[in-house]
Amino acid sequence: MFVLSIPLGVLSANTYSKFEIYQYYRKQVVLKEDVILDDVYTTKKFGTSVILPAGVTGYISDKVDYWGDELGYENIDTSFVLDDGNYIDIAVSIKEDAEPYDIPTIDISRLDNAQTILSEYNQSREKYTTRVNSAKVVGVVVGVAFSLLLSLLFFIIKTKQGIKGKSNMIIFGVASVIDVILILGLLISFVFLNV
């Protein structure tokens, strides 16, 4: 039971991290200089190049989760409002050698308060990593605590009942059922949840 509870605790924490832990970074941003977007994506979508003037407002809404960061860590998902009310999605690159993306990309230095934005963005990624690591530690602790408490409970029952054949069989039966449940939990985690 002890041996099975620890990996089940880890797998449960991984499953929780996979489906429940994510981190958003949201912020309003302002361009500090004019930006001309004449890439293939922009000209195909709007029929011409687009000029975003200095002072135009945009919004960062970038999410990181188990499956990663949609635009990659090096690019921040940002949208700017055009004069006609439409939005244009832009990747704001935080590294000079960032992988190009399918949508227009500008360097973070073209935004007001670029260093603050970069710092907050990095903090959001660190917060996500901390939350995932904390979930893993909790999973191991819960797995160990569960197995120790059940073992202690069985030990107390056995000592209270004395050495009787029937009580030993009941304890063995209950422990076997719990072991089967733990094995099924491990199999479900491995096979169906791909953890």
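Use the structure listed above.
Residues numbered from 1 in each chain as written. Predicted model: local features only at pLDDT ≥ 70, side-chain atom pairs only at ≥ 80, totals over all residues. Heavy atoms only, no water.

Caption draft 1: Expanded view of the side chain of T42. Mapping T42 onto the fold places it in helix 2 (residues 40-46). Not counting the four nearest positions on each side in its chain, T42 is found in contact with L37, G47, T48, V50, I88 and P104. (Helix = DSSP H or I, 4+ residues; strand = E, 2+ residues; numbered from the N terminus. Contact = heavy atoms within 4.5 Å.)

Caption draft 2: Region of interest: the packing of aromatic side chains. Within the structure shown, the criterion is met by five aromatic pairs. Ring geometry for Y25 against Y121: centres 6.2 Å apart, planes inclined by 65°, an arrangement best described as edge-to-face. With Y25 in strand 1 (residues 22-30) and Y121 in helix 3 (residues 114-161), the pair connects residues that are 96 residues apart, well separated along the chain. The class for Y25 is buried, based on a relative accessible area of 6%. Clustering of aromatic rings is evident, with ring pairs tying together F19, Y66 and W67. The side chain of K63 reaches across the aromatic face of Y22, ending 5.0 Å from its centre. (Phe/Tyr/Trp six-rings, centres within 6.5 Å; stacked < 30°, edge-to-face > 60°. Buried < 20%, exposed > 50% of the residue type's maximum accessible area, 1.4 Å probe, protein only. Lys NZ or Arg CZ within 6 Å of the ring centre and 35° of its normal.)

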